[in-house]
Amino acid sequence: SKYHVIIPSAGSGARMQSAMPKQYLMLNGKPILRHAIEVFEVMHQIETVHIVVSAQDGYWAPHLLDGCSKTKVLDCGGLTRAESVLNGLKHLALEADANDWVLVHDAARPGIDQPLVERLFQEALPESVGAILALPLADTLKRADSQQQIETTLSREGLWQAQTPQMFKLALLQGALQQSLDRQPTDEAQAMEWLGYQPKLVVGDLKNMKITYMRDLQVVSALMQAATL
Ligand code: C5P
């Protein structure tokens, strides 16, 4: 079956304290968003890449797709990430098969690379419902009360941090997101879980962490450079 990519890129990046949304900030010589686009562009298994931006986005520029042959931009971003992804899926459904795989990847994860995507492909067997990249949790987890004092320590056994890409069959994911919109899932897997599915966790990499705060730029930049040495 075929593979497609949707990159939700319609966030405002409120936590970055930057006027420019984080996906357009420069990292190792390229806009953050461009790193992921280039990884998916060169993978022969992938048919199409759709970037979902906000209709009010003043920073999108055509040169972001220079040299790209299968990537398109859609200005149908929504108020939440799930809405942006769903709008992208509706568009993709016009040209793709209901059974095609869709990989949803955060624009703010420039550290994705080809071996990680290949690992996801291998472990999301054709008969499975889908899979996501994720990392087992290393730190001890504390739950705080409103005074920022420790209320309790949570067991970290079996806990993972979700990353992206998150890979599901097109029609199944579209239905799951459609049904769960008002519950505001924070990733695609959660919408699938609410339907009773148990997507597989595939070991990702620290370098694929999401850029949320300014200091994350330096961390990801260093991790990406170290990986190419
Ligand atoms: O805000 P957060 O870091 O969780 O965003 C994750 C991804 O979802 C980012 O790539 C962001 O651009 C995207 N997003 C979106 N539409 C929204 C909110 C976030 O496409 N309304």
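The name given to the chain in an unreviewed UniProt entry is 2-C-methyl-D-erythritol 4-phosphate cytidylyltransferase, and the organism recorded there is Methylophilus aquaticus. Recorded in UniProt for the chain, the comment headed Function (unreviewed entry) runs: "Catalyzes the formation of 4-diphosphocytidyl-2-C-methyl-D-erythritol from CTP and 2-C-methyl-D-erythritol 4-phosphate (MEP)." Check the Sequence similarities (unreviewed entry) section of the UniProt entry for the chain; it says "Belongs to the IspD/TarI cytidylyltransferase family. IspD subfamily."

(A) Fine view of the overall build of the chain. What the chain contains, in helices and strands, is 6 helices and 11 strands. Burial status across the chain gives 37% buried among its 229 residues. For the chain, restricting intrachain contacts to residue pairs at least 6 apart in sequence, the fraction spanning at least 24 positions comes to 70%.

(B) Quick look at the confidence of the model for the chain. In this model, the chain carries an average pLDDT of 95, and 99% of its residues clear a pLDDT of 70 or more. The ipTM for the predicted assembly is 0.96, set against a pTM of 0.96.

(C) Spatial organisation of the sheet that holds strand 6 (residues 101-104). As summarised here, the arrangement of the 7 strands in space is 5-4-1-6-10-7-11, forming an open sheet in which the pairing is mixed. Every other strand in the sheet has two partners, leaving strand 5 (71-74) and strand 11 (200-203) as the edge strands with one partner each. Strand-to-strand twist in this sheet, taken as the mean axis angle between neighbours without regard to direction, amounts to 25 degrees. The pairing of strand 1 (residues 3-8) with strand 4 (residues 46-52) spans 6 bridges and is classified as parallel. By the bridge assignment for strand 4, Ile-6 is matched with His-50. In this fold helix 1 (residues 32-41) packs onto strand 1, strand 4 and strand 5, with an angle of close to 165 degrees to the strand it touches most, strand 4.

(D) Looking closely at the UniProt feature "site: Positions MEP for the nucleophilic attack" (unreviewed entry) in the chain. UniProt's entry tags Arg-156 and Lys-210 with the feature "site: Positions MEP for the nucleophilic attack" (unreviewed entry), counted in the numbering of this structure. Within the secondary structure layout, Arg-156 lies in the loop between strand 9 (150-154) and strand 10 (160-169). Ignoring sequence-local partners within four residues, the contact set of Arg-156 consists of Leu-137, Thr-140 and Leu-141. Checked against the element boundaries, Lys-210 lands in the loop between strand 11 and helix 6 (214-227). Setting aside residues up to four positions removed in sequence, Lys-210 forms contacts with Asp-106, Ala-108 and Arg-109.

(E) Here's a closer look at helix 4 (residues 170-180). The complete set of buried residues in helix 4 reads Leu-170, Leu-173, Gln-174, Ala-176 and Leu-177. Considered in projection along helix 4, the buried side chains sweep an arc of 165 degrees and stay on one side of the axis. In the core, the buried residues of helix 4 are packed alongside helix 2 (81-92), strand 6, strand 10 and helix 5 (188-193).

(F) Spotlight on the site of the ligand. Close contacts around the ligand come from 17 residues, with Pro-8, Ala-10, Gly-11, Ser-84 and Ala-107 the closest. Residues of the shell around the ligand, tallied by class, amount to 6 nonpolar, 8 polar and 3 charged.

(G) View of the UniProt feature "site: Transition state stabilizer" (unreviewed entry) in the chain. The residues that UniProt annotates with the feature "site: Transition state stabilizer" (unreviewed entry) are Arg-15 and Lys-22. You can call Arg-15 partly exposed: it has 13 C-beta atoms within 10 Å. Excluding residues that lie within four positions of it along the chain, Arg-15 makes contacts with Thr-212 and Tyr-213. Here Lys-22 shows up in the loop between strand 1 and strand 2 (26-27).

What counts and how
- Residues numbered from 1 in each chain as written.
- Predicted model: local features only at pLDDT ≥ 70, side-chain atom pairs only at ≥ 80, totals over all residues.
- UniProt positions renumbered as here; feature names shortened; annotations may be inferred.
- Helix = DSSP H or I, 4+ residues; strand = E, 2+ residues; numbered from the N terminus.
- Buried ≥ 20, exposed ≤ 12 C-beta atoms within 10 Å, placed from the backbone.
- Contact = placed C-beta atoms within 7 Å.
- pLDDT = per-residue confidence, 0-100.
- Pairing = 2+ DSSP bridges.
- Axes fitted to C-alpha atoms, helices over the stretch in contact; angles between N-to-C directions.
- Arc of directions from axis to C-beta.
- Near = placed C-beta within 6 Å.
- Nonpolar A, V, L, I, M, F, W, Y, C, P; charged D, E, K, R; others polar.

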